[in-house]
Amino acid sequence: MKLKGKLILLTGASGGIGQAIARRLAAQGARLILVGRSTQQLNALARELHVLVNEGFILQADITSRNGRETIRTALLALQEPLDALINCAGVNLFGMLEDNDPDAIEQLIATNVTATILLTQLVLPFLNKNSGRIVNIGSSFGGLGYPGFSAYCASKFALRGFSEALRRELSDSPMQVAYLAPRATNTSLNSDAVYAMNRELGTAMDEPEVVAAQLESMLSAPRMRDRNIGWPERLFVRINSIFPRIIDNALRGQLPVIRRHAQSLPEPAATETQANKVSIRLS
Ligand SMILES: NC(=O)c1ccc[n+]([C@@H]2O[C@H](COP(=O)([O-])OP(=O)(O)OC[C@H]3O[C@@H](n4cnc5c(N)ncnc54)[C@H](OP(=O)(O)O)[C@@H]3O)[C@@H](O)[C@H]2O)c1
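Quick caveat, the model's predicted, so the values are computed rather than measured.

K.L.:
Pulling in residues and values, what's your account of the site of the ligand?
P.N.:
Every one of the 31 residues lining the ligand counts as a neighbour, but Ser14, Arg37, Ser38, Tyr153 and Thr188 are closest to it. Residue isoleucine 63 places a main-chain N or O atom 2.9 Å away from a nitrogen atom belonging to the ligand. At 3.3 Å from an oxygen atom of the ligand is found a main-chain nitrogen or oxygen belonging to glycine 91. In the complex, 92% of the free accessible area of the ligand, which totals 900 Å², lies under the protein chains. If you map the ligand onto the pockets, it falls in the largest pocket. Counting only elements with at least two residues in the shell around the ligand, the list comes to helix H1 (16–27) and helix H5 (151–170).

Structure follows, in structure tokens:
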């Protein structure tokens, strides 16, 4: 799909990855509907990208609320032209051992990453171009591989992957396309200081948001979209996990003391013990 002039609705536009995607798509001449909660961030981005001049607009909406989603429906009704693509990028994270997680934070995470994303997709579907409309759901490596310290987040991204797969098959007798893009750990404020510290200690690679944006653009531009996992060796680990999960169980068992220490903000043990806890497998 050529991006010039295409009308694309992007959630999570005020976030690290969303902003990078918006810049990338705007540079290709796409018209953007930027959705987020932070008006300040959205306004700044819209000014930078001349979104308003280019016939796009911003929408301040909390997608977990009925009102927020209705704001989006009202705007799409007023448009009177079909959308070319929906990119579901809004999401939240939760790092910590399950027993320490705040139950409200778990509810909010599922409400945002799963329920709101599904409901918004359902709402937007009738507005998508029936001959060429595309949906991209931004998942995670953790949507293909359960990782300690992120159990609720992993559950949400596994759910999103299943949703994407089922919807892709549901629409397979139409020209519309659905795909799932799974970034690995990325440098944005989604990750707490504890996650950054843990990734440093484990040697886990972290991408810049522009890497995700470039993958998204290449996915959208391709005649046929395919699901993508970003990063090597993450892609391999996700594949191994789907066939031989015990191998990954054992590797992550070795990382568990480090993960638990960061998840619980415990003091660092003696250097020798830290070294012993390091294992050769690196995931994000
Ligand atoms: N960063 C990573 O390591 C990483 C790795 C893999 C996958 N991902 C996925 O990539 C996506 C973007 O993450 P990011 O790293 O860019 O995170 P981020 O910088 O924290 O941005 C999150 C975005 O989601 C929006 N959002 C959250 N809750 C919302 C709600 N209830 N209603 C509307 N918008 C809401 C935020 O809006 P406001 O800021 O305006 O509230 C913000 O635009 C997420 O789906 C995330 O799971 C991230």
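What follows picks up the thread again.
K.L.:
Explain empty space enclosed by the protein to me, and be specific about the residues and the numbers.
P.N.:
Scanning the model with the defined rule gives 1 cavity of 30 Å³ or more in all. Its boundaries defined by the atoms lining it, the largest cavity holds a volume of some 30 Å³. In terms of lining, the largest cavity is formed by Asn88, Cys89, Ala90, Asn113, Thr117, Ile138, Lys157 and Leu160. Residue classes in the lining of the largest cavity are distributed as 4 nonpolar, 3 polar and 1 charged.

K.L.:
Explain the pattern of salt bridges residue by residue, including any values.
P.N.:
For the coordinates displayed, the defined rule picks out 11 salt bridges. The partner of aspartate 227 in a salt bridge is arginine 168, with the nearest N and O atoms 3.3 Å apart. Residue aspartate 227 is found in the loop between helix H7 (209–221) and strand E7 (228–229), and its partner arginine 168 is found in helix H5; the two are separated by 59 residues along the sequence. On the basis of relative accessible area, aspartate 227 is assigned to the partly exposed category, the value being 37%. Its relative accessible area of 29% is what places arginine 168 among the partly exposed residues. It is possible to trace a salt-bridge network through shared partners that takes in Arg31, Glu55 and Glu81.

Criteria and thresholds
Residues numbered from 1 in each chain as written. Predicted model: local features only at pLDDT ≥ 70, side-chain atom pairs only at ≥ 80, totals over all residues. Heavy atoms only, no water. Near = heavy atom within 4 Å. Polar contact = N/O pair within 3.5 Å; in protein donor to acceptor, adjacent residues only side chain to side chain. Areas by Shrake-Rupley, 256 points an atom, 1.4 Å probe, with all protein chains shown as cover. 1 Å grid on protein atoms, 1.4 Å probe; cavity = no way out; pocket = protein on both sides within 12 Å on 5 of 7 lines; lining within 4 Å. Sits in = over half its atoms within 2 Å of the grid points. Helix = DSSP H or I, 4+ residues; strand = E, 2+ residues; numbered from the N terminus. Points joined across faces, edges and corners; volume = space filled by probe spheres on them. Nonpolar A, V, L, I, M, F, W, Y, C, P; charged D, E, K, R; others polar. Salt bridge = Lys/Arg side-chain N within 4 Å of Asp/Glu carboxyl O. Buried < 20%, exposed > 50% of the residue type's maximum accessible area, 1.4 Å probe, protein only.

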